[in-house]
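Notes for the structure review
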Amino acid sequence: MSLSISGSVHRAETILDTARLAVVPTRTFARVFLLAKLRANGLRSGTMNGSTDALTDLGIVELERPRKNRIMQLPVVGQSNFTDPTDRFAQRIERQDGRPLSAKRVEILQVNVGKLCNQACKHCHVDAGPARTEIMTEETARQCIAALEQHEIKTLDLTGGAPEMNPHFRWMVRRARAAGAQVIVRHNLTIQFESGYEDLVSFFADQSVDVVCSLPHFEQDATDRQRGRGVFDKSIAGLRALNAVGYGQGRADRALALVHNPVGAYLPGAQSALEGQYRQELKSQHGITFDALYVITNMPIRRFKDWLVRTGQHDEYQGALESAFNLATIPSLMCRNTLSVSWDGRLFDCDFNQMLDLELHAQQATLATVSLDKLAGRVIATGNHCFGCTAGTGSSCGGQLT
Ligand code: SF4
Ligand code: SF4
């Protein structure tokens, strides 16, 4: 008898944990239950082979009689009753939308080239900082560009850490631009003032890179509280340098967006109103212009979650996100058309899932093992952090969704 799961070890363990907890009265129901769990974990079209000893030990057998050289295809079974009981987000989506969250064709390749950063911000969901050593290798960088070219992906979105600190960053930008792709760089502004990055702004301009910069607030105190003392002043200087080469003045080849996120445990205000305030304050106080403001909700994961827990605000914040669930955000969620690549080449539905090690369903998913063509229609791996994307007007790397 055999069962193996062509998904991650983590998912297999999850399934076995579920089986261990289950009280399964009949063999038939055991089979349906387990197959449904596999499907809920995105394994419906996977193959099964290997040992079922663990399940046998649990008394939850027999799934199939053995047949020589047989590769078992999972049948289609109902799915809505078998979502992970701890994933309230998936349950909510299925209840209100009538189907699980699924992806479309990959249009944006968002690549996290490493966790190395010259800053260590309080809200950072990457846990990035100067001491991090995880950095994308040349081989993986080449795989990213090959995937972009082969699948004619329109946008390469480079993030980190500070993506510019990856030694292959400029090569990736040049190759992607030469392939005709839009390149977005998540730029923290302060890296411009580190040794070796003095020509960064002119490189951005030469390559017509779209620059997206974090500036949590237009006031010094609020920004420095989140990103560190002195960051606001450097950010202003960095924005002036970008303005000086034509960024932030309505030119398509010099697009400059700012990112606002709340400095505490609350949902952001309306994007359009905040954008007006930013425009007025930055222009009048500092002579700075920009093209767009993206308002982003702080996700309750990693460093920000630690801070929420430490200050006793986690449950209240999570509750606020769930109460503000907005079904109208679903069509525009970034996981629908974005594929996230980690510094070591693994694939995820989004950058947040990447930070939680919540891998793509049903895939040993790296750029080396998966064709991106096969990923359209996949069920997206979700968790309760996803309520951060669907709260209020919604949130994504490109700002609000509705
Ligand atoms: S939020 Fe950005 S700038 Fe701050 S530590 Fe994280 S990656 Fe670096
Ligand atoms: S965190 Fe947001 S973008 Fe990521 S899978 Fe959940 S809903 Fe989609």
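Cut-off values and rules
- Residues numbered from 1 in each chain as written.
- Chains lettered and ligands numbered in written order.
- Predicted model: local features only at pLDDT ≥ 70, side-chain atom pairs only at ≥ 80, totals over all residues.
- Buried ≥ 20, exposed ≤ 12 C-beta atoms within 10 Å, placed from the backbone.
- Helix = DSSP H or I, 4+ residues; strand = E, 2+ residues; numbered from the N terminus.
- Arc of directions from axis to C-beta.
- Contact = placed C-beta atoms within 7 Å.
- Near = placed C-beta within 6 Å.
- Nonpolar A, V, L, I, M, F, W, Y, C, P; charged D, E, K, R; others polar.
- Core = buried A, V, L, I, M, F, W, Y, C linked by C-beta atoms within 7 Å.
- Expected span 1.5 Å × (residues − 1).
- Pairing = 2+ DSSP bridges.

**Focus: helix α8 (residues 220-227)**
Within α8, the full set of buried residues consists of Thr223, Gln226 and Arg227. All buried residues of α8 lie within an arc of 80° about the axis, which places them on one face of the element. Elements in contact with the buried residues of α8: α9 (231-244). Of the residues flanking the end of α8, it is glycine 228, one or two places downstream, whose phi is positive at about 115°.

**Things to note about the environment of glycine 399**
Tracing the backbone shows glycine 399 in the segment after α14 (387-390). Looking at glycine 399, the number of C-beta atoms within 10 Å reads 21, which means it is buried. Put simply, glycine 399 and glutamine 271 are 128 residues apart on the chain and 7.8 Å apart in space, counted from C-alpha to C-alpha. In this view, glycine 399 contacts Gln271, Tyr294, Val295 and Ile296; residues no more than four positions away in its chain are not counted.

**Concerning the site of ligand 2**
Around ligand 2, the surrounding shell consists of Leu333, Met334, Cys335, Asp349, Cys350, Phe352, Asn353, Ile380, Thr382, His385, Cys386 and Cys389. Residues belonging to the shell around ligand 2 are distributed by class as follows: eight nonpolar, three polar and one charged.

**Some remarks on the nonpolar core**
For soluble globular proteins, nonpolar side chains are generally found buried alongside one another. With 91 residues, the main nonpolar core has Leu109, Cys144, Leu148, Leu158, Val183 and Val211 as its most contacted residues. Among all residues touching leucine 158, those that are not within four sequence positions of it are Val111, Val113, Pro163, Phe169, Met172, Val183, Ile184, Val185 and Arg186.

**Topic: the site of ligand 1**
Taken together, 13 residues lie near ligand 1, and Cys117, Cys121, Cys124, Ala128 and Asn188 sit nearest. By residue class, the composition of the shell around ligand 1 is seven nonpolar, six polar and no charged.

**Description of unusual backbone geometry**
Unusually for a residue other than glycine, leucine 189 sits at a positive phi of about 75°. At arginine 302, a residue that is not glycine, the phi angle is positive and equals roughly 45°. Relative to the elements of secondary structure, arginine 302 occurs in helix α11 (residues 302-310).

**Some points on α9**
Its 14 residues give α9 an end-to-end C-alpha distance of 20 Å, which sits within 8% of 20 Å, the value for a rise of 1.5 Å per residue. Every buried residue belonging to α9 is among Val231, Phe232, Ser235, Ile236, Gly238, Leu239 and Leu242, and all of these are buried. Looking straight down α9, one finds that the buried residues subtend no more than 165° of arc, so they occupy a single side. Lining the buried residues of α9 we find α7 (200-207), β6 (210-214), α8, β7 (256-260) and α10 (271-286). In the segment just after α9, glycine 246 is the residue with positive phi, at about 105°.

**With respect to the pairing of β6**
Across the five residues that make up β6, a large majority, five, are buried. Side-chain alternation along β6 places Asp210, Val212 and Ser214 on one buried face and Val211 and Cys213 on a second face that is also buried. The pairing of strand β5 (residues 182-187) with β6 spans four bridges and is parallel. When the sheet's bridge partners are listed, arginine 186 is paired in β6 with valine 212.

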